[in-house]
Amino acid sequence: MENPYGVEALWTQGDMVIKVVAVMLLAMSIASWYVIVIRSWRLYRLRKPVRALVDFWHAQSFAEGLHMLGNQQNNPFRHLAEEGQSGLDHHVNHKADLHGHLPLAEWLTACLKGSIDESSENLQRGLAVLASVGSTAPFIGLFGTVWGIYHALVNIGVSGQAGIDKVAGPVGEALIMTAFGLAVAIPAVLAYNTLARGNKAIISKLNRFAHQLHAYLITGAAPANRSGDVVSSLAKAQQKREGV
């Protein structure tokens, strides 16, 4: 038996505005779920290189350490290590260039920071879609509800039949649009918060790894675990280079 108050009735009896709102909510839902699946999968794949960070410093060579970080695409940790080594080689082999007059420590800092910024942009890609869907979908659904209730009341007024059986159907169908808006917005908001928290953890590990790489590339030896030792090593290396 067909439901006279269901979604199908809403679609067949609704005007063009209601149909456009429904299509917009459907498109927003598809876009948000696409971002959720892709971003979640890429974040999940970064678990392996994160675990390999400890093994990186136990490698016998830099090339072996890169191999431990993995070869998969969009690996920010391997990209950071490669950018650091490339920046060091470029600075050493191009002393005549303008950047050759910069201190090595500052040049490496700029190279590593540029790599982190690039990786951060890649990690954040698509989150603006989730933020936009989460903030606008409820209001789009509410607009559909208001429009549907307005036309339902107009039709009831024209027909002159104001019984509960005549009001409940059209008004209930209009309220479905609000439910659609919430159904689209809630997963987008939850996914945005989860992915943003995961990206923040990755960026924090990238910054820590960058400090260690900076010390390694300056001194030629793996840094100590304590942050104070890293800072001390950097300071001594800088003083030695400047002849202080």
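Residues numbered from 1 in each chain as written. Predicted model: local features only at pLDDT ≥ 70, side-chain atom pairs only at ≥ 80, totals over all residues. Heavy atoms only, no water.

K.L.:
Explain the UniProt feature "transmembrane region" (unreviewed entry) in the protein chain here, please?
P.N.:
UniProt's feature table lists "transmembrane region" (unreviewed entry) at residues 20-41, 127-154 and 174-195, given in the numbering used throughout. In this annotation, residues 127-154 is assigned 100% helix and 0% strand; the end-to-end C-alpha distance for the span is 41 Å. (UniProt positions renumbered as here; feature names shortened; annotations may be inferred. Helix = DSSP H or I, 4+ residues; strand = E, 2+ residues; numbered from the N terminus.)

K.L.:
What am I meant to see in the side chain of Arg 39 here?
P.N.:
By the element assignment, Arg 39 lies in helix α2 (residues 16-45). The buried charged residue Arg 39 lacks any salt bridge, with Glu 121 as its nearest oppositely charged partner at 11 Å. In this structure, Arg 39 is in contact with Asn 122, Leu 123, Arg 125 and Leu 195, ignoring residues within four places of it in sequence. (Buried < 20%, exposed > 50% of the residue type's maximum accessible area, 1.4 Å probe, protein only. Lys, Arg positive; Asp, Glu negative; His and termini not counted. Salt bridge = Lys/Arg side-chain N within 4 Å of Asp/Glu carboxyl O. Contact = heavy atoms within 4.5 Å.)

K.L.:
For this particular structure, what's the right way to read the confidence of the model for the protein chain?
P.N.:
The predicted structure's coordinates, where accompanied by low pLDDT, should not be read in detail. Mean pLDDT over the protein chain works out to 79, with 75% of the residues at or above the 70 mark. Model confidence for the protein chain, summarised as mean pLDDT per element, is weakest for helix α9 (residues 227-242) at 45 and strongest for α2 at 91. Counting contacts from residues 221-238, a segment whose pLDDT is below 50, to residues more than four positions away or on other chains yields 21 contacts. (pLDDT = per-residue confidence, 0-100.)

K.L.:
Help me understand the packing of aromatic side chains in this model?
P.N.:
In this description, an aromatic ring pair is defined by two values, namely the gap between the centres and the angle between the planes. Tallying each qualifying case throughout the model produces nine aromatic pairs. For the ring pair Phe 56 and Trp 57, a centre distance of 4.9 Å and an interplane angle of 90° mean the geometry is edge-to-face. With relative accessibility at 5%, the residue Phe 56 sits in the buried group. Seen in terms of ring centroids, Trp 57 and Tyr 216 are 5.8 Å apart; in terms of plane orientation they differ by 65°. Their pairing is edge-to-face. Within this pair, whereas Trp 57 is found in the loop between α3 (47-56) and α4 (62-69), its partner Tyr 216 is found in helix α8 (residues 164-219), the two being separated by 159 residues in sequence. Owing to a relative accessible area of 21%, Trp 57 belongs among the partly exposed residues under this scheme. Tyr 216 gets classed as partly exposed once you look at its relative accessible area, which sits at 22%. (Phe/Tyr/Trp six-rings, centres within 6.5 Å; stacked < 30°, edge-to-face > 60°.)

K.L.:
Just to check I follow, could you spell out a nonpolar patch on the surface for this structure?
P.N.:
A grouping of Met 16, Val 20 and Met 24 is seen on the molecular surface, where their side chains present a nonpolar patch of about 290 Å² in accessible area. Position of Val 20 among the secondary structure elements: in helix α2. (Patch = residues over 30% accessible without salt bridge, like charges linked within 9 Å, V, L, I, M, F, W, Y side chains within 5 Å. Areas by Shrake-Rupley, 256 points an atom, 1.4 Å probe, with all protein chains shown as cover.)

K.L.:
Before we go on, may I ask you to explain α3 in this structure?
P.N.:
Each α-helix winds once per 3.6 residues, and so residues spaced three or four apart point in a common direction. Here α3 has its buried residues at Pro 49, Val 50, Ala 52, Leu 53 and Phe 56. On an axial view of α3, the arc spanned by its buried residues comes to 160°, and they lie on one face. Exposed and oriented more than 90 degrees from the buried face of α3 are Lys 48, Arg 51 and Val 54. (Arc of directions from axis to C-beta.)

K.L.:
For this particular structure, what's the right way to read the packing of α3 against α4?
P.N.:
When two helices pack together, their arrangement is given by the angle between the helix axes and the distance between those axes. Orientation of α3 relative to α4, taken along the N-to-C sense of each, is 160°, at an axis distance of 8 Å. In terms of their interaxial angle, α3 and α4 are classed as roughly antiparallel. With respect to the hand of their crossing, α3 and α4 are arranged in right-handed fashion. Touching Pro 49, Ala 52, Leu 53, Asp 55 and Phe 56 of α3 are Phe 62, Gly 65, Leu 66, Met 68 and Leu 69, all from α4. (Axes fitted to C-alpha atoms, helices over the stretch in contact; angles between N-to-C directions. Parallel < 35°, antiparallel > 145°, perpendicular 65-115°, else oblique. Left-handed = near helix turned anticlockwise from the far one by under 90°.)

K.L.:
Looking at this structure, I do not really get the pattern of salt bridges. What am I missing?
P.N.:
Should the charged atoms of two oppositely charged side chains come close, the side chains can pair. The full count for this structure, using the stated rule, is two salt bridges. Put simply, Glu 82 and Arg 78 hold a salt bridge, and the shortest N to O gap is 2.9 Å. One end of the pair, Glu 82, and the other, Arg 78, are both in helix α5 (residues 76-93), four residues apart, so they sit about a helical turn from each other. A salt bridge links Asp 117 to Lys 113; its shortest N-O distance comes to 3.1 Å. Of this pair, Asp 117 and Lys 113 both sit in helix α6 (residues 104-124), four residues apart, which is roughly one turn of the helix.

K.L.:
Is there a simple way to explain the packing of α4 against α5 in this structure?
P.N.:
Between α4 and α5, the shortest axis-to-axis distance is 9 Å and the interhelical angle comes to 160°. The angle between α4 and α5 falls in the class roughly antiparallel. Considering only the axes of α4 and α5, their crossing is left-handed. On α5, the residues touching Phe 62, Leu 66, His 67 and Leu 69 of α4 are Phe 77, Arg 78, Ala 81, Glu 82 and Gln 85. Grouping the amino acids of the contact of α4 with α5 by side-chain chemistry returns five nonpolar, two polar and two charged. (Nonpolar A, V, L, I, M, F, W, Y, C, P; charged D, E, K, R; others polar.)

K.L.:
When you look at the environment of Gly 181 in this model, what are you seeing that I'm missing?
P.N.:
Mapped onto the elements, Gly 181 comes out in helix α8. Along the sequence, Gly 181 and Ala 137 sit 44 residues apart, while their C-alpha atoms lie 4.9 Å from each other. Sequence-distant contacts of Gly 181, defined by excluding residues within four places in its chain, comprise Leu 25, Ala 137, Pro 138 and Gly 141.

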